[in-house]
Amino acid sequence: LNSQKCERIPDLLEIQFFPIVCSSGKTLYVVYNDNYNAKRPITLQSYDNGAPSWQFKAPLPDDCPRTQGSSMVAVDNCIYVVGGAEKINAKYNINTDTWTLLSRPHLASKSHWYGTAGFLKDKIYLCGGGWFASDVSDDIEEYDTKSDTWIVSKLKLPKKLTFLTVAAVNFL
């Protein structure tokens, strides 16, 4: 963006279908879950714009819910993977290359399947989602990163939405 040019970065280390992506500092993170092969580990790759190369990071724990339809958000040197078909809430610590499974969202799994997440003032907001027209949601859940607690917000999206994308990028 600073150079006003679009530049291609190297390909990922492995093929990614339906990846989820976020950035922290000058590093891009991609989580991938092969939903058709439940025995395969859920992988995390990072791309450091200073290095410039992709690296595998610690995979999500074996007992971690699948990440299909979830969202990612960066918060204070951590990456959170939240929502999705199995109501995941997993935190990746960038400094220690470790994952922690945390309390899961409250609403039915389809409420935030392909919804989106954003971060503001120590809270992650998980919004909308759904797969079929009858499942699409206007729900918002708030996750307090300090106390590891979820609440269903009294606020709603202006309308029921799914396949939302929100990105805060500070990559270049």
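Structural data are supplied above this passage.
Given the structure is predicted, the values throughout are model-derived calculations rather than measurements. (Residues numbered from 1 in each chain as written. Predicted model: local features only at pLDDT ≥ 70, side-chain atom pairs only at ≥ 80, totals over all residues. Heavy atoms only, no water.)

Student: What am I meant to see in the overall build of the chain here?
Tutor: A tally of regular secondary structure across the chain gives zero helices and twelve strands. N-terminal to C-terminal, the α/β element order of the chain is β-β-β-β-β-β-β-β-β-β-β-β. Taken over 172 residues, the chain has a buried fraction of 43%. Entry remark: accessible area of the chain is about 9,800 Å², with carbon and sulfur atoms responsible for 55%. (Helix = DSSP H or I, 4+ residues; strand = E, 2+ residues; numbered from the N terminus. Buried < 20%, exposed > 50% of the residue type's maximum accessible area, 1.4 Å probe, protein only. Areas by Shrake-Rupley, 256 points an atom, 1.4 Å probe, with all protein chains shown as cover.)

Student: Explain the sheet that holds strand S1 (residues 20–24) to me, please; I cannot follow it from the model alone.
Tutor: Neighbouring strands of a sheet are bound in pairs by backbone hydrogen bonds; such pairs are parallel or else antiparallel. Read from one edge of the open sheet, four strands run S1-S2-S3-S4, paired in antiparallel fashion. Edge positions in the sheet fall to S1 and strand S4 (53–57), since each has one partner strand and no second. When the angles between neighbouring strand axes are averaged without regard to direction, this sheet yields 25 degrees. In the sheet, strand S2 (residues 27–32) pairs with strand S3 (residues 43–48) via six bridges, with the strands oriented antiparallel. Across the sheet, the residue bridging to Val 30 is Gln 45, located in S3. (Pairing = 2+ DSSP bridges. Axes fitted to C-alpha atoms, helices over the stretch in contact; angles between N-to-C directions.)

Student: It is not clear to me how unusual backbone geometry should be interpreted in this structure. Could you clarify?
Tutor: For residues besides glycine, phi is generally negative; the peptide bonds are generally trans as well. Located in the positive-phi region is Asn 77, a residue other than glycine, with phi close to 60 degrees. Mapped onto the elements of the fold, Asn 77 is located in the loop between strand S5 (70–75) and strand S6 (78–83). One non-glycine residue with positive phi stands out, namely Asp 97, at about 55 degrees. Judged by its relative accessible area of 33%, Asp 97 is partly exposed.

Student: Explain the packing of aromatic side chains to me, please; I cannot follow it from the model alone.
Tutor: Aromatic rings in a pair are described by how distant their centres are and how their planes are angled relative to each other. Summed over the entire model, instances satisfying the criterion amount to five aromatic pairs. With 6.3 Å between their ring centres and 55 degrees between their planes, Tyr 29 and Tyr 92 make a pair best called tilted. Pair noted here: Tyr 29 is in strand S2 and Tyr 92 is in strand S7 (residues 88–93), with a separation of 63 residues, a long-range link. Here Tyr 92 falls in the buried class, since its relative accessible area comes to 1%. Taken together, the ring pairs in this structure connect Tyr 29, Tyr 92 and Trp 99 into an aromatic cluster. (Phe/Tyr/Trp six-rings, centres within 6.5 Å; stacked < 30°, edge-to-face > 60°.)

Student: Honestly, the pattern of salt bridges in this entry has me stumped. Any pointers?
Tutor: Pairing between side chains of opposite charge can happen when the charged atoms of each approach one another. Within this structure, the stated rule accounts for six salt bridges. Here Arg 8 and Asp 11 are joined by a salt bridge, their closest N and O atoms 2.5 Å apart. With respect to class, Arg 8 is no different from Asp 11; both count as exposed. As a salt-bridge pair, Asp 139 and Lys 156 come within 2.4 Å of each other at their nearest N and O atoms. Here Asp 139, found in strand S11 (residues 137–144), pairs with Lys 156, found in the segment after strand S12 (149–152); they are 17 residues apart in sequence, far enough to count as distant. Asp 139 sits in the buried class, given a relative accessible area of 14%. Through salt bridges with shared partners, one network takes in Asp 76, Asp 122 and Lys 146. (Salt bridge = Lys/Arg side-chain N within 4 Å of Asp/Glu carboxyl O.)

Functional significance is not addressed by these values, which are geometric in nature.
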